[in-house]
Amino acid sequence: MKRTLIALAAGLVAAAATAQTTDATFFPYRNGFPSFPGLTPGTVINKDNVDKFKDALDPANFKLIKDGWYEITVGETFDFPNAKGYVEATKQHGGKAKLGPKVGNIEGFVAGRPFPEEPSTSDPRAGEKVIWNFKYGINWGDNAAIYPFYWKYKNAKTDKVERTLKLNFHLLNFKHRTDHQPLPEVTPNPGDLFRGIYVQVLEPQDLKNTQLLIQKYSDDTKFDDAYLYLGFQRRVRRLAAGQVTDSFLGADLMIEDFEGYESRVSDYKWTFLGAKNILMPYYKHNDMKLTDEFKDPSGYKFVDFHGKGGCAPMITWQLRKVYELQGEPLNPAHPLSKRVMYLDAQIYGASRTMIYDRKGELWKSFTIGKAHPDFHLPINKGTGIGMDDSFSMIDVQAERCTTGQFKGQVDPKLSPPSYFQVQHMRGGD
């Protein structure tokens, strides 16, 4: 009887500790929002005053503002939600996940945030835990679509838009699902896939019906399968593993850059550099100055752009807690020496990334704007999923950029499992 009571008490203590850890990871601002001297909503940071706010900016953002590429407006910091099922899964399964013997190995993970405890620089494997939290994060939830998605290729030297693409992106988690049926996974799943990404180009005519399919396996040490369908050739070809670091359709980003980082955990050495408060591109879409350029049938308006070359999203930035994570490619032939990611501590969005060339010099600055789902399309309200809403990949060295304007929809009907098979690509004409 005594042993039973001791065991019961230990279980209650463990459950209380798990609940406390979960609350801390999903509600980092429970005791108040961060502040910085002189930084208030409405403050405009430009090349004339940016030195005052250097410590509230990541180095690439500071450099670009200092060099006159753009200015940014500060917005109010507010909580971003996480999907209810994802939070509940973390409460239920938090503490079960363990790192395996090698980078890319994880054991005992079921669903939710694998490592909800606060990362520490004294933990030599904290970087791996942070990137696993990102990989198994809430980004787009169990299934969603960017429908449509406009990409523009811009020359910042001439202020000219050189090319505009219209695409549809579809995303689906096959496993570790927490909020949308089927739960907990899509079956059948004979390949043991974790996630699928399917892209179809709608415009311009010379690229129409070009398609990309990425199949990500549950086993992170297994290379992703990637397939490209070129409409004018009317055939599917499998991409070699190295091609995920090539420019995608002439853009300033690689497949590896999708969503902030799209490759395997096992492809990099990960180092956690610490937590800090910096300005991040988080906002309420409906409160932004939006463009009338695209005449969407639903009346939806997209984020506008400004600054040198039109390379910066016209949004507000808020001071948020982030985890600074450095990744160094393990493949010596990789085109990068490192990428430094700033992952939001509340929703783990990779909204700011600095990319360095093989000489160790800053090459690209990547921004992914996040919009609160309750101030967006009606279908997204209440989903608890921060909406990727705009992006800007600036090639600092070439003075070019690729920008993206999203119409993201958390709608399972837009991303059926059939879209994530090679056979679908062949029938996509």
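Residues numbered from 1 in each chain as written. Predicted model: local features only at pLDDT ≥ 70, side-chain atom pairs only at ≥ 80, totals over all residues. Heavy atoms only, no water.

### A word on empty space enclosed by the protein
Inspection of the entire model under this criterion finds 6 cavities of 30 Å³ or more. Within this model, the largest cavity holds a volume of roughly 200 Å³. Taken together, 14 residues form the lining of the largest cavity, with Phe 134, Lys 135, Arg 195, Tyr 261 and Glu 262 sitting closest to its centre. Elements supplying a minimum of two residues to the lining of the largest cavity: helix 4 (126-135) and strand 7 (193-203). Per-element accounting of the lining of the largest cavity gives the leading share, 3 residues, to helix 4. The class makeup of the residues in the lining of the largest cavity is 5 nonpolar, 4 polar and 5 charged. Its boundaries defined by the atoms lining it, the second largest cavity holds a volume of some 160 Å³. Looking at the lining of the second largest cavity, the elements that each hand over two or more residues are strand 5 (143-155), strand 6 (160-173), strand 20 (362-371) and strand 21 (387-395). It is strand 5 that provides the largest number of residues to the lining of the second largest cavity, a total of 3 residues. Class assignment for the residues of the lining of the second largest cavity results in 13 nonpolar, no polar and 2 charged. (1 Å grid on protein atoms, 1.4 Å probe; cavity = no way out; pocket = protein on both sides within 12 Å on 5 of 7 lines; lining within 4 Å. Points joined across faces, edges and corners; volume = space filled by probe spheres on them. Helix = DSSP H or I, 4+ residues; strand = E, 2+ residues; numbered from the N terminus. Nonpolar A, V, L, I, M, F, W, Y, C, P; charged D, E, K, R; others polar.)

### Focus on the pattern of salt bridges
Side chains carrying opposite charge are able to pair once their charged atoms draw close together. Taken as a whole, this structure holds 28 salt bridges when the rule is applied. Between Glu 88 and Lys 91 there is a salt bridge whose closest N-O contact spans 3.6 Å. Remark: Lys 91 and Glu 88 occur in helix 3 (residues 84-93); sequence separation between them is 3 residues, near one turn of the helix. One salt bridge in this structure joins Lys 413 and Asp 411, with 3.2 Å as the shortest N-O distance. Judged by relative accessible area, Asp 411 falls into the buried class, the value being 9%. Salt bridges linked by common partners bring Glu 162, Asp 252 and Arg 400 together as one network. (Salt bridge = Lys/Arg side-chain N within 4 Å of Asp/Glu carboxyl O. Buried < 20%, exposed > 50% of the residue type's maximum accessible area, 1.4 Å probe, protein only.)

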